[in-house]
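Okay, here's what each chain looks like letter by letter:
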Amino acid sequence: MVRQWVVGTSLGLAAIGALAASETEAKAQEIQLTGPLAGAPNVRKLRLHREGRFEVAPTFSFSLLDEYRRTMVVGLRAHYNIKEWLGFGVWGGYGLISYNTDLSDQIQAKSPRVPQTNVNIPDPSKVTAGVKDFGEQTAKMTWFAVPQVTFSPFRGKLGLFRAVFPDVDLYFHLGAAFVGLSERSDCTATGTKNCTVNHEMNSRVAIAPTFGLGLTFYTGRLLSFGAEYRALPFEWNRAGFDTKGTGNNGNFPDNKVDSQDRTFKFNQMVSLFVGFSFPDLKVSE
Amino acid sequence: MSFFSILRRTASQSLEVGSTRRKPELVTQSMEGVTMKQARWWLLMAAALMVPTGALAQPKGGGGKNPKPGTPAAASGGDIELDEKPGDKPGDKPADPAGAGTTDPPAGGTDNPAGGGICDVDPTAPGCGKGGDVPKANANAEVKADIVAVQQIYALKYHRFEVNPYFALSLNDQFVSHVGPGIAANWYISDVLAVGANFNYYGGLNVDSEFNFQNRRATRVAVPLNEYLLGVNANMTYVPVYGKFASIGDFIFHYDAYVVGGVGALWTRPIAVIDPDNRKFDYQARIAFNAGIGLRVFFNRWFAATAEIRDYIYPERIESTVVPTNQKDQTDPAKWTGDSQLTNNVQAQLGVSIFLPFSWEYRLPK
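Residues numbered from 1 in each chain as written. Chains lettered and ligands numbered in written order. Predicted model: local features only at pLDDT ≥ 70, side-chain atom pairs only at ≥ 80, totals over all residues.

Peer 1: Describe the overall build of chain A, naming the residues involved and giving the relevant values.
Peer 2: If you tally the helices and strands in chain A, you get 5 helices and 14 strands. Every one of the 285 residues in chain A was classed for burial, and the buried ones make up 34%. In chain A, once contacts between residues fewer than 6 apart in sequence are set aside, the share between residues at least 24 apart is 68%. (Helix = DSSP H or I, 4+ residues; strand = E, 2+ residues; numbered from the N terminus. Buried ≥ 20, exposed ≤ 12 C-beta atoms within 10 Å, placed from the backbone. Contact = placed C-beta atoms within 7 Å.)

Structure, rendered in structure tokens:
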């Protein structure tokens, strides 16, 4: 009787232990927490638009928030994507269209040609070398060469008017920008190259970090299109003014134009592109 | 019903359904009233308890790779549990072991299976009535491939109230930046259309830029400047775009994009820069039209981050660049302002959205 009780109790405790163990184990199962698709990848049969593919994309870009001169750039982007989320390549462009802002036109029309402004604003009656119109003195970005890395951590789909559902990715790019500039050349306070009579332009290359983000819409296996924002912060003398060089902290004009007169600008542009990718895309499991 | 039949039935249900905590409870309930005196029954009970555990203990991914027929197609991640009551899903309902009663006969596929079907092995299995073998019937059924890309919109907005506090930064004024807090409130008439209002406050936060100073000193040309006090607008919002993104680490977030437009008033005044000794301006209301686009990224179903670009278009009265020669005219307020100019104030508005009520029920299943 006692033996029976001991055996029964022992086995009962073992059963309770098994019950407790099974409950604990079961609670640790994702399958109980998230349903029958637990453990599955968040996207099945994902069309891998990037991985192992080259992309060539003609671009059209325009600068934003320009003070004196706007630039429109035609370019080409070539990329190879090692992973779906990582690629590298280059973007190059040429400033095909460039025109003055209304502020530049107003300055040309209304700024008085007096000794205090002759260093900054060309006076046609005094200029012996260089441009004679303020609009021509404003600096412009003439070409771009940008080696860059692209990260595309976000892949998804988009519903437009509940009728069109393209694949979309959001990507970030980071690189070094080599920017060809046309900028007012250095001039001096006195001598033959003094800034009153000399308003020549010069070319130089500015090197700057560049970064931004973009959206790509995939319309098929080959074709995509999208928009991209790019920041190119660097210092340049956009108006060709003498603004710094002497006084407290060099914050007063010194009648010379040189590298001290360059001011920091968070240059920005937006690009539109049409991309062609090859070879054919793969599909994930 | 014998105890062994109870155990067999419980184990088969657990294997078929594949989950849920109700199986151990069912076992426990079934065991009530059964005598505990014989040790072998304990062993059998322990074995029965281990059966559902074994069924649940699938390797990660194993269950997902072969979802059972009838599993909701869009049950991705853990979303589905938030919206569906337990028992609503087909998989949550216990199977009928007798094959009678609750299981509907399959549509189509009336051919007798030639072998290998479940009905050949067990004619009493669910779905093996006069309709024939369910898997074969399903294989022969016409596939309805009309599956929308986003099966349930993550955050429905129909008849919900949105409160959107934000901070605004002007984008297109190089001379004076207009920054300030704002708040918008919208009522969604439908899931894609809302009416609402927004309020911007700029008082004391307008900043004359360094660029303005340098340009004025270099050219001896003063540019008339204006500052804002506040703006109030009535708006309509249309949400034509929605979607979701998957990111690294299997994280999924949902977003929508909208266009917004409206009309209201903007209180502005010129900053006296041409003749500051004599001129002092008061704020006046101008009619302002606005249009913009925005993006909303949802953190959950009622809380989102918002980014919006809005252009407020209004007729601005700017300071006259002409200073009268005599003292009487210089102090005459009628001569302080020039012509009216249509002005664009493009601003970025970054904020958060809170949707009320916090939850809702979907009308249709996934």
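Peer 1: Give me the lowdown on the overall build of chain B, citing residues and values where you can.
Peer 2: In terms of regular secondary structure, chain B is built from 9 helices and 9 strands. Here chain B, with 366 residues, has 29% of them falling under the buried criterion. When contacts within chain B are restricted to residue pairs at least 6 apart in sequence, long-range pairs at least 24 apart make up 65% of them.

Peer 1: Help me get a handle on the confidence of the model for chain A, residues and values and all.
Peer 2: Predicted coordinates in areas of low pLDDT are best not read in detail. Residues of chain A with pLDDT of at least 70 account for 85%, and the chain-wide mean is 87. Put simply, helix α2 (residues 30–34) of chain A is where chain A has its lowest mean pLDDT, 46, and strand β3 (residues 69–81) of chain A is where it has its highest, 97. (pLDDT = per-residue confidence, 0-100.)

Peer 1: Break down unusual backbone geometry for me, citing the residues and quoting the values.
Peer 2: Peptide bonds are mostly trans, and most non-glycine residues show a negative phi. Omega for the peptide link from A:Phe278 to A:Pro279 comes to -5 degrees, which places this bond in the cis form. With respect to the secondary-structure elements, A:Pro279 resides in the loop between β13 (263–278) and β14 (282–283). Omega for the peptide link from B:Leu356 to B:Pro357 comes to -5 degrees, which places this bond in the cis form. Within the chain, A:Asn249 stands out as a residue other than glycine whose phi angle is a positive 60 degrees. Along the chain, A:Asn249 turns up in the loop between β11 (245–246) and β12 (252–253).

Peer 1: Give a description of the environment of A:Glu136 that names residues and reports values.
Peer 2: Residues and elements named next belong to chain A. Here Glu136 is to be found in helix α5 (residues 134–137). Judged by the 19 C-beta atoms lying within 10 Å of it, Glu136 is partly exposed. Separated by 14 residues in sequence, Glu136 and Pro122 have C-alpha atoms that sit 9.7 Å apart.

Peer 1: Pulling in residues and values, what's your account of helix α8 (residues 210–219) of chain B?
Peer 2: Within α8(B) the residues assigned to the buried category are B:Asn215, B:Ala218 and B:Thr219. In a view along the axis of α8(B), the buried residues occupy a sector of 80 degrees, so they form one face of it. Residues B:Glu210 and B:Phe213 are exposed on α8(B) and point more than 90 degrees away from its buried face. Those residues of α8(B) that are buried lie in contact with α3 (102–110) and α4 (115–118) of chain A. Just beyond α8(B), the residue with positive phi is B:Arg220, at close to 60 degrees. (Arc of directions from axis to C-beta.)

Peer 1: Describe in detail α3(A), supporting the description with residues and values.
Peer 2: Listed as buried for α3(A) are A:Leu103, A:Ser104 and A:Ile107. Within α3(A), the buried residues cover an arc of 100 degrees as seen down the axis, which keeps them to one side. Turned more than 90 degrees from where α3(A) packs its buried face, A:Asp102, A:Ala109 and A:Lys110 sit exposed. Looking at the buried residues of α3(A), the elements they touch are β3, β4 (86–100) and α5 of chain A together with α8 of chain B.

Peer 1: Account for the pairing of β13(A), with residues named and values stated.
Peer 2: All names here are of chain A. Inspection of the sheet shows strand β2 (residues 54–64) paired to β13 by 9 bridges, in the antiparallel sense. Across the sheet, residue Phe54 finds its bridge partner in β13, namely Phe278. Where strand β10 (residues 223–236) meets β13, 14 bridges bridge the pair, whose relative direction is antiparallel. When the sheet's bridge partners are listed, Pro233 is paired in β13 with Phe266. (Pairing = 2+ DSSP bridges.)

Peer 1: Summarise the pairing of strand β2 (residues 176–188) of chain B; cite the residues concerned and give the values.
Peer 2: All names here are of chain B. As defined by bridge partners, strand β1 (residues 161–170) adjoins β2 across 9 bridges and the pair is classed as antiparallel. Looking at the pairing, Pro165 lines up with Ile183 of β2. Joining the antiparallel neighbours β1 and β2 is a turn of 5 residues. Relative to strand β4 (residues 206–208), β2 runs antiparallel, the two being bridged by 3 bridges. Pairing of His178 across the sheet is with Asn206, part of β4.

Peer 1: Lay out the nonpolar core in plain terms, naming residues and giving numbers.
Peer 2: Residues and elements named next belong to chain A. With 10 residues, the main nonpolar core is built from Val73, Trp91, Ala139, Met141, Phe144, Val146, Ala177, Val179, Leu181 and Leu232. Residue assignment for this core shows that the elements contributing at least two residues are β6 (140–160) and β7 (167–184). When sequence neighbours within four positions are dropped, the list of residues in contact with Met141 reads Thr71, Gly95, Val179 and Leu181. (Core = buried A, V, L, I, M, F, W, Y, C linked by C-beta atoms within 7 Å.)

Peer 1: Lay out the environment of A:Val283 with the relevant residues and their values.
Peer 2: Residues and elements named next belong to chain A. Here Val283 lies in strand β14. With 9 C-beta atoms packed within 10 Å, Val283 lands in the exposed category. In this structure, the C-alpha to C-alpha distance between Val283 and Glu51, residues 232 residues apart in sequence, is 9.9 Å. Ignoring sequence-local partners within four residues, the contact set of Val283 consists of Lys45, Leu46, Arg47 and Leu48.

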